[in-house]
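Structural overview for review
So the chains spell out like this:
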Amino acid sequence: MTPTRREFIKSVGLALAGLVLARCVPSPSPQGGDTSARSRLRDCWLRFDWLAAETRKTWDSNDYDGPREQLLQEHQSALEELVNTGELTRAVADELLAGFNAAAYHVWRSNVPITCYEPVMIDYQPTSAAQLVRQAEVLEELARGGSIDADTVATAQETITRDIAFLTLSNEQQQALYEEILAGGSPYPDFSEIPLDIAPEEAEAAQYLVELLLGER
């Protein structure tokens, strides 16, 4: 079930053209003053706590979605630079983009005073997005501690690969997967047990992200 389009990005309302990003709350600069595209990309994945705090802080203003839009733009800008320099292929960058958009959307929805997700019989999207955010935090903790456990890293990479594979499915592909699961009856499988076809670019994106967050790139 390999994705051919990135309709998920549109489904979460990625582009809100009316926002003026210059008025957003400033976010921290990459650590150590490193402004390379790679460092800026890593910095975006480590700022979900900042996004949560700024979302709560700006909810009552006209720019309540400004922090998320700022972070998405910064992430996409860094990706584009890495593609232009040949460090990432367009296909791998698209996987990272979709995964980050989903993770940022999950953090945003979890910190605004509205219903988090529409109730449906089966919805693995919140679980997958939340896992992606958590794996980024785990890898950051490993990098800070200076002690890299191989089994933990392997588990993180496997989890991230599945998260990216699911989050880059189009709406139609997600619905087809849900219908297949519903047809099998309850109890419904955990997210870790659902069948997913892993495309090469998804596995490469997960490996790149793990190495990036561990500071190995």
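Remember, predicted model here, so these are calculated numbers, not experimental data. (Residues numbered from 1 in each chain as written. Predicted model: local features only at pLDDT ≥ 70, side-chain atom pairs only at ≥ 80, totals over all residues. Heavy atoms only, no water.)

Thoughts on the overall build of the protein chain
A count of helical and extended segments in the protein chain gives nine helices and zero strands. Start at the N end of the protein chain and walk to the C end: the helices and strands fall as α-α-α-α-α-α-α-α-α. Here the protein chain holds 217 residues, and the buried ones make up 48% of them. Pairs at least 24 apart in sequence give 78% of the contacts found in the protein chain among residues at least 6 apart. Accessible area for the protein chain stands at about 10,600 Å²; split by element, carbon and sulfur atoms hold 49% of it. (Helix = DSSP H or I, 4+ residues; strand = E, 2+ residues; numbered from the N terminus. Buried < 20%, exposed > 50% of the residue type's maximum accessible area, 1.4 Å probe, protein only. Contact = heavy atoms within 4.5 Å. Areas by Shrake-Rupley, 256 points an atom, 1.4 Å probe, with all protein chains shown as cover.)

Description of the packing of aromatic side chains
Taken as a whole and assessed by the stated rule, the structure comprises eight aromatic pairs. Judged by centre distance (5.1 Å) and plane angle (65°), the rings of Trp45 and Phe100 are edge-to-face. Taken together, the residues span a long stretch of sequence, with Trp45 in helix α2 (residues 37–45) and Phe100 in helix α5 (residues 90–109) at a distance of 55 residues. Residue Trp45 is classed as buried on the basis of its relative accessible area of 2%. Measuring from ring centre to ring centre gives 6.5 Å for Phe166 and Tyr178, while their planes differ by 45°; the resulting arrangement is tilted. Taken together, the residues span a long stretch of sequence, with Phe166 in helix α7 (residues 150–167) and Tyr178 in helix α8 (residues 171–183) at a distance of 12 residues. For the pair Phe166 and Tyr178, a shared accessibility class is recorded, and that class is buried. A connected cluster of aromatic rings, assembled from ring pairs, spans Tyr124, Phe166, Tyr178 and Phe191. Cation over ring: Arg68 sits above Trp108, and NZ or CZ is 5.0 Å from the ring centre. (Phe/Tyr/Trp six-rings, centres within 6.5 Å; stacked < 30°, edge-to-face > 60°. Lys NZ or Arg CZ within 6 Å of the ring centre and 35° of its normal.)

Some thoughts on the pattern of salt bridges
Per the counting criterion, the structure on display carries nine salt bridges. Arg38 serves as the salt-bridge partner of Glu87, at 2.8 Å between the closest nitrogen and oxygen. Of this pair, Glu87 sits in the loop between α4 (66–84) and α5 while Arg38 sits in helix α2, placing them 49 residues apart in sequence. Under the relative-accessibility criterion, Glu87 is labelled partly exposed at 27%. Judged by its relative accessible area of 30%, Arg38 falls in the partly exposed class. Residues joined by salt bridges that share partners form a network here, namely Asp43, Arg47 and Glu74. (Salt bridge = Lys/Arg side-chain N within 4 Å of Asp/Glu carboxyl O.)

Let's talk about the side chain of Arg47
Position of Arg47 relative to the elements: it lies in the loop between α2 and α3 (48–58). Here the side chain of Arg47 touches Glu74 through a polar contact of 2.7 Å, side chain to side chain. (Polar contact = N/O pair within 3.5 Å; in protein donor to acceptor, adjacent residues only side chain to side chain.)

Examining the confidence of the model for the protein chain
For the protein chain, mean pLDDT is 78; residues scoring 70 or higher make up 78% of the total. Here residues 1–30 scores under 50 on pLDDT; set against residues more than four positions off or in separate chains, the count is 71 contacts. (pLDDT = per-residue confidence, 0-100.)

Some remarks on the nonpolar core
By size, the foremost hydrophobic cluster in this structure holds 55 residues, and its most contacted members are Trp45 and Phe166. For this core, the elements supplying multiple residues, two or more each, are α2, α3, α4, α5, α6 (125–145), α7, α8 and α9 (200–213). The greatest single-element share of this core, amounting to nine residues, is contributed by α5. Setting aside chain neighbours within four positions, we find Trp45 in contact with His75, Leu96, Gly99, Phe100, Leu132, Ala136, Leu209 and Leu213. (Core = buried A, V, L, I, M, F, W, Y, C linked by side-chain atoms within 4.5 Å.)

Some thoughts on the environment of Gln207
Along the chain, Gln207 turns up in helix α9. The class for Gln207 is partly exposed, based on a relative accessible area of 36%. Linking Gln207 and Thr161, residues 46 residues apart in sequence, is a C-alpha distance of 8.0 Å.

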